[in-house]
Structure formats: structure tokens, C-alpha cells
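# Fold and contact review
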Amino acid sequence: MYNRRAASEIAFDITNGFFLTLLTLITLYPMLHVLFASLSDPAQLIKHTGLLLSPKGFSLDAYTAVLSNRMIILGYLNTLIYVSAATALNIVMTAFAAYGLSRKQVLWKNSIMMMIVITMFFGGGLIPTYLLVQSLGMIDTRWALIIPGAVSAWNIIIMRTAFQGVPESLEESARMDGANDFTILFRVVVPLSLPVIAVMILFYAVGHWNSWFAAMVYLRDRGLYPLQLVLREILIQNNADSMMTRSSDSDKMAVRDTIKYATIMVATLPILLLYPFLQKYFVKGVLIGALKE
């Protein structure tokens with residue numbers, strides 16, 4: 001019986017390893033394809049068919065063209081502003097809401113929580129939101145991408161559950177020492193909830209980094225465009241001609257493809273570099289925020 005069970009465990013490990021390896025390859029290949037294509041020589045790339053397992057030739061011309069494009073650099077700077085300002089506002093607003101809703105002495109907290117949950121299922125839609133942003137005078141300003149999404153109902157629930165796990169004795173001790181709610185939040189509760197805070201930063205930052213629809217709706221000034229909206233113009237509207245001034249008409253199609261791939265890598269790399277620094281908090285933070293002892 002023991003040997004038979006051991007054999008089944010070995011078979012399970014082999015099967016599980018095979019499927020996980022296959023899943024990893026399926027997930028990783030699209031990114032590797034984009035990377036290899038962006039480093040390939042345009043003339044050789046356009047002739048290649050089938051899987052791309054290595055760069056065809058080696059050329060950095062696509063990256064040179066992308067990084068010399070004014071809109072790419074301006075979009076980068078705008079996105080950094082939006083991500084930094086909006087994420088900081090998100091964390092502060094979410095922490096305030098979660099702290100208030102996690103305290104037992106707060107009146108009507110269950111009713112307030114119910115209203116917050118309802119917003120996850122029912123919303124006014126795009127037109128009322130646009131009219132509200134317009135009435136507040138935020139159309140064609142940076143605030144249109146920062147203020148409307150200041151807080152997420154789902155993230156409030158996660159952070160609230162994490163704050164409820166902080167021992168009440170710590171809050172009582174802090175109050176006996178004369179601490180107010182702001183002191184308790186920022187010097188007791190938040191330091192004990194750093195894994196959840198890190199996960200919230202990741203969630204909000206990735207959301208703002210990838211956001212383009214709000215910018216397309218609210219912004220008219222191209223000088224305020226975030227990187228993702230510039231990327232959309234290049235990929236979907238096929239607007240890469242401004243970066244091919246040195247290419248002949250016969251080479252434009254090949255060069256356009258490598259520029260598109262290089263643009264995707266340039267736009268994706270920063271957020272990929274952020275994950276390793278927050279990965280150790282990810283699982284712990286989500287579990288703490290999802291389960292209450």
C-alpha cells in the first residue's frame with residue numbers, strides 16, 4: 001500500500017510538473033516573441049514564418065526610433081505623474097475608509113459598507129460620469145485621470161479585513177498614551193499591515209499604468225496623453241510613420257512591425273520590474289486581506 005501510494009505521488013508530481021511547465025511556456029512565449037521581434041532585423045523578420053525562438057539578426061534601430069520619439073518620452077513622463085499621484089491618493093483614501101469601517105465603535109458602518117458594496121454591481125455609466133467630471137471642470141486636465149478613480153470598493157474590503165486583524169489591545173494601549181485616530185492609523189495599524197499596503201500599491205499602480213480609456217475620453221491635449229494612449233495610437237491606429245523618417249517606402253512595413261514590438265517592450269518593462277520587489281508581499285497580503293481570524 002505504501003509503495004503504491006508513493007508511486008501515485010510520483011506520477012502526480014510528474015504530471016503536475018509537465019502541465020505547469022507547459023502553462024509557463026504558453027504564458028511566457030508571447031512576451032519572448034515580442035522581445036525577439038523587437039531585437040530582430042526588420043528585413044529578416046518580415047521573411048520569417050512560424051515560431052520565433054530567437055532574434056532574426058540583431059538590431060536596436062527600433063528602440064532607437066522609439067526612444068527618440070517625443071510623444072513616447074512625453075507619455076512616459078505623464079504616466080509617471082499619473083501613477084505616482086493617483087496611487088498615493090488611492091492608498092490614503094482606501095486606508096481612511098478601511099480604518100473607519102473596521103472600528104467597532106463606528107455607527108452605521110454596516111450600512112455604509114453595504115452602500116459601498118452596491119457600487120461594485122451598479123454604476124451610473126460613462127455618460128453620467130463624464131457629465132460629473134465636466135461639471136467639476138476637470139475635462140482636459142490631469143485631475144480627470146486622478147480624482148474619479150480615487151478609491152476602489154474591492155480594495156476597501158480587502159484592506160478593511162486586514163485592519164480588523166490588528167489586535168484591539170494595541171489600539172487601546174495607544175489611546176491610553178494619548179494617541180488619536182490619525183496616530184493609531186499611521187503609526188500602529190498601517191505598519192502592521194504593510195503586506196496589504198504593498199499589494200494595494202501594486203493593484204492601483206498596475207491599473208493606472210495600463211489605463212488608456214479614461215484618457216481617451218477626458219483628454220484633448222496631446223501633451224497630457226499617458227503612455228498607453230500613445231501606444232494605442234501606434235498599435236491600433238497604425239501611427240508609426242513619424243518614427244520611420246530614414247526608411248524607404250519598401251522597408252516601411254518591416255520597420256513598422258519592429259517599432260510596434262519595441263514600443264510594447266518599452267511600455268511594459270517598468271511594470272514588469274516592479275513585480276519582483278512586491279512579489280514577497282503579494283500572497284501574504286491577499287490572504288491577510290481575504291481571511292479574518
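Use the structure listed above.
### So, the nonpolar core
Grouped together as the largest cluster of nonpolar side chains are 40 residues, with contacts concentrated most on Ile72 and Leu219. Residues contacting Leu219, with those up to four places away along its chain left out, are Tyr82, Asp140, Thr141, Leu145, Ala214, Leu224, Tyr225 and Pro226. By size, the runner-up hydrophobic cluster in this structure holds 21 residues, among which are Met159, Ala162, Val188 and Val190.

### Some remarks on helix α12 (residues 227-235)
Extensive coverage of α12 is indicated by the burial of seven of its nine residues. If you check which residues of α12 are buried, you get Leu227, Gln228, Leu229, Val230, Leu231, Glu233 and Ile234.

### Thoughts on the side chain of Ser40
Here Ser40 shows up in the loop between α1 (2-38) and α2 (42-47). Of note is the side chain of Ser40, whose polar atom sits 2.6 Å from the backbone oxygen of Phe36. A polar contact is formed between the side chain of Ser40 and the backbone nitrogen of Lys56, at a distance of 2.9 Å. Among all residues touching Ser40, those that are not within four sequence positions of it are Leu45, Pro55, Lys56, Gly57, Ser59 and Thr258.

### What about the packing of aromatic side chains?
As enumerated under the stated definition, the model contains six aromatic pairs in all. Considering the side-chain rings of Phe18 and Phe19, the 5.5 Å spacing of their centres and the 75 degrees angle between planes classify their relative orientation as edge-to-face. In this pair, the class of Phe18 matches that of Phe19, namely exposed. Grouping aromatic residues by their ring pairs yields a cluster made of Phe96, Phe182 and Phe186.

Cut-offs and rules
- Numbering of residues starts from 1 in every chain and runs along the sequence as written.
- In keeping with the predicted nature of the model, local features appear solely for residues at pLDDT of at least 70, side-chain atom pairs appear and are counted solely at 80 or more, and the whole-chain, interface and lining totals rest on all residues.
- Side-chain metrics in this entry use all non-hydrogen atoms of the structure; hydrogen atoms and water are not considered.
- In these notes, a set of buried Ala, Val, Leu, Ile, Met, Phe, Trp, Tyr and Cys residues joined through side-chain atoms within 4.5 Å is what counts as a nonpolar core.
- The cut-offs for exposure are 20% and 50% of the maximum accessible area for each residue type, with area from a 1.4 Å probe on protein chains only; residues under the lower value are buried, those over the upper are exposed, and the others partly exposed.
- Every residue pair with non-hydrogen atoms within 4.5 Å of one another is taken to be in contact.
- By the criteria applied, helices consist of DSSP H or I runs no shorter than four residues and strands consist of E runs no shorter than two, each listed in order from the N terminus.
- The definition of a polar contact used here is a pair of N or O atoms within 3.5 Å, where within protein one atom must be able to donate a hydrogen and the other to accept one, and adjacent residues in sequence count solely through side-chain atom pairs.
- Each Phe, Tyr or Trp ring (for Trp, its six-membered ring) is paired with any other whose centre lies within 6.5 Å, and the angle between the two planes then decides the class: stacked below 30 degrees, edge-to-face above 60, tilted in between.

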